[in-house]
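# Chain and residue survey
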Amino acid sequence: MMTLTDKQKFARFLDITNDFLDCGYRKSPKEDKYDDNPRLNSDDFDTIEKIAAEIRACSNCSLSEKRQNAAPGEGCLSPLVMVIGEGPGQEEDAQGRPFVGRAGQLLDKMLLSINLSRNENCFIANVVKCRPPGNRDPHPEETAACAHFLERQITLLKPKFILAAGRVAAQTLLGTSEPIGKLRGKFTFLDIAGSSFPFLVTYHPAALLRSEDLKRPAWEDLKLLRLKIDSSRNEEL
């Protein structure tokens, strides 16, 4: 049973999603700013900028042939949470940035509801960096061609937590065909290059735009993530 506090927080979450649907998204002044953290520039070291440059020049699969721009990823370089979706859509292809269309704008609102932000403590990326035609699911050979980019990003960024947004991201990262309804709502671990990251699956924001019924389980996932973040901090004290 939901407590009064939970009911109030869930009501605020619904207000966030409904306000977005009614009024659209207002860009934060901070969103034009990428990140001011110092970066390694030596060719001897792998860096997020080096990976991004390789992604923009990549022609390892057919997705590169029709793209306007690849969307390597963006956000904090010491992220508390790394959010991983499936791939760029039309707006992302036009701007070369991940999650900037309607679903991405809703994602920002959802993260804000639990005190997270791509500008301050999150990094946003996708399993494929170029737009699949018609926003179809990426094919296995396309996710395979991009896999080393994402693995290098995770290895460099070392996020405290990884949030998979949507079925495609969850199934690709976990190497499973299980439906998202069975994958979400619980923490597991994602093993990448010898490191293990706390891993949570939730619905893609685009699914929330299509279905009102998914808002409550998505909110429960976000609450679980916030609870895990807070408990991990308490353990460190």
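A short tour of the structure in this document, coming up.

## Some thoughts on the pairing of strand β6 (residues 195-202)
Of all eight residues in β6, six are buried, a share of seventy percent or more. As defined by bridge partners, strand β4 (residues 161-165) adjoins β6 across four bridges and the pair is classed as parallel. Its bridge partner lying in β6, Ala164 is registered against Val201. As judged from the six bridges shared by strand β5 (residues 187-192) and β6, these two strands associate in the antiparallel manner. Residue pairing for β6: Phe187 is matched across the bridge by Leu200. Hairpin remark: β5 followed by β6, antiparallel, with two residues in the connecting loop; positive phi at Ala193, about 50°.

## Observations concerning the packing of aromatic side chains
In total, this model carries one aromatic pair according to the counting rule given. When the centroid spacing of 6.1 Å and the interplanar angle of 65° are considered together, the rings of Phe161 and Phe187 count as edge-to-face. Residue Phe161 is found in strand β4, and its partner Phe187 is found in strand β5; the two are separated by 26 residues along the sequence. Note on Phe187: relative accessible area 22%, which makes it partly exposed.

## Overview of the environment of Leu111
Mapped onto the secondary structure, Leu111 falls in helix α4 (residues 102-112). For Leu111, a relative accessible area of 1% corresponds to the buried category. The spacing of Leu111 and Leu222 is 111 residues in sequence and 8.0 Å in space, taken between C-alpha atoms. Those residues within four positions of Leu111 in sequence are excluded, and the remaining contacts are Val83, Leu116, Cys122 and Ile124.

## So, the sheet that holds β6
Pairing within the open sheet is mixed, and its six strands lie in the order β1-β3-β2-β4-β6-β5. Of all the strands in the sheet, the pair left with one neighbour each is β1 (74-75) and β5.

## Things to note about the nonpolar core
Grouped together as the largest cluster of nonpolar side chains are 50 residues, with contacts concentrated most on Val81, Met82, Leu116 and Leu225. If we ignore the near neighbours within four places in the chain, the residues touching Leu116 are Leu80, Val81, Leu111, Asn121, Cys122, Leu225, Arg226 and Ile229. Core analysis: the next-biggest nonpolar cluster, separate from the first, contains 11 residues, Ile55, Cys61, Ala145 and Cys146 among them.

The rules behind the values
- Residues numbered from 1 in each chain as written.
- Predicted model: local features only at pLDDT ≥ 70, side-chain atom pairs only at ≥ 80, totals over all residues.
- Heavy atoms only, no water.
- Buried < 20%, exposed > 50% of the residue type's maximum accessible area, 1.4 Å probe, protein only.
- Helix = DSSP H or I, 4+ residues; strand = E, 2+ residues; numbered from the N terminus.
- Pairing = 2+ DSSP bridges.
- Phe/Tyr/Trp six-rings, centres within 6.5 Å; stacked < 30°, edge-to-face > 60°.
- Contact = heavy atoms within 4.5 Å.
- Core = buried A, V, L, I, M, F, W, Y, C linked by side-chain atoms within 4.5 Å.

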